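What follows is the residue order along each chain.
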Amino acid sequence: GSQVVGMTEKNKRCLRQFDDDHNRQLLLSLPDRLIKIAQSQSGERAAIAVQKAIVIELLLMVPLRMVNVISLQFGNHLVKPGGNRGNYLLTIPGKEIKNEQPFEVQLPQLLTNYIDTYRELHIPTITLPDNRYLFPNKADGHKAQATLSQQIKETIKQHTGLDMTGHLFRHLCGKLFLEANPGQYEIIRQILGHKNLKTTVNFYTGINTKESTRVFDALVLGERQRLLDQSTSGNPKKEKTSTHK
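Attention here is on the structure that accompanies the text. The numbers attached to residues start from 1 for each chain and follow its sequence in the written order. Residues qualify for local features only when their pLDDT is at least 70, as the model is predicted, and side-chain atom pairs are given and counted only at 80 or more; totals for whole chains, interfaces and linings, by contrast, use all residues. Just so you know, side-chain values use all the structure's heavy atoms and leave hydrogens and water out.

1. Re the side chain of asparagine 11
Every helix listed is a DSSP run of H or I at least four residues long, and every strand listed is a run of E at least two residues long, numbered separately from the N terminus. By the secondary structure assignment, asparagine 11 is in helix α1 (residues 9-16). Should any heavy atoms of two residues lie within 4.5 Å, those residues are counted as being in contact. With residues up to four places along the chain from it excluded, the contact list for asparagine 11 reads Leu168 and His171.

2. Regarding the pattern of salt bridges
The term salt bridge refers to a side-chain nitrogen of Lys or Arg lying within 4 Å of a carboxyl oxygen of Asp or Glu. A complete count under the given rule lists 10 salt bridges for this structure. Measuring nitrogen to oxygen at the nearest pair gives 2.8 Å for the salt bridge that ties lysine 80 to aspartate 116. Placement of lysine 80 in the loop between β1 (78-79) and β2 (89-92) and of aspartate 116 in helix α6 (residues 109-126) is noted, with a sequence separation of 36 residues between them. Here lysine 80 falls in the buried class, since its relative accessible area comes to 17%. What makes aspartate 116 partly exposed here is its relative accessible area of 25%. One salt-bridge network, in which partners are shared between bridges, spans Asp19, Arg24, Lys175 and Glu179. When accessible area is computed with a 1.4 Å probe and restricted to protein chains, residues below 20% of their type maximum are described as buried, those above 50% as exposed, and intermediate ones as partly exposed.

3. Describing helix α3 (residues 30-39)
Buried within α3 are the following residues: Leu30, Pro31, Leu34, Ile35 and Ala38. End-on view of α3: buried residues confined to an arc of 140°, all on one side of the axis. By definition, the arc is the one covered by directions from the helix axis to the C-beta atoms.

What follows is the structure, given as structure tokens:
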């Protein structure tokens, strides 16, 4: 049968870049930098810069598979339940997703703002008037997955020097989440839309071991400090409180 395997060595190596806070900062601040670059440009160039900012911000916030990213359409997958008010709801029916589970998430305010501006000012400069794709081609379809993936990779390399692919955002999401919440595989399984918990566990086991070890080390170091404080506190105040117990 098909063997569930963990992450490839190449992906692990790419992810290790983000053990470094400076590298994290470079990637996390990139969408904002691209938006600022776009403000000094016009026409198609500005539109493409904003588009790159949006795809990177989207992948940071909602780590979708690239095949779903390119198919996103206004009115179909991107809707505003409050009319023009409020944030976009991103909704993907189960039949369009690898694990067949429908996916729904509210986009954050910042990303909603980026998309609104892009939709109003920039999309009209790069495609036909009735194209409803978030990442349109020049005609009535969407950008090819290979094209968008290549743009993501090149943009990140150019502005940060980091090696990163569209797909790797999914692993980065798993890494960041499990660092903050060691062992909570089920939540990350739902976010990434894995059908099987085993897939998630296999992918992130190394990261999780590292983080669990870090949490445990902190506990041991804390305990050592506590015992040290206890044994060296010849201070009478401490004594008094302990005799009253």
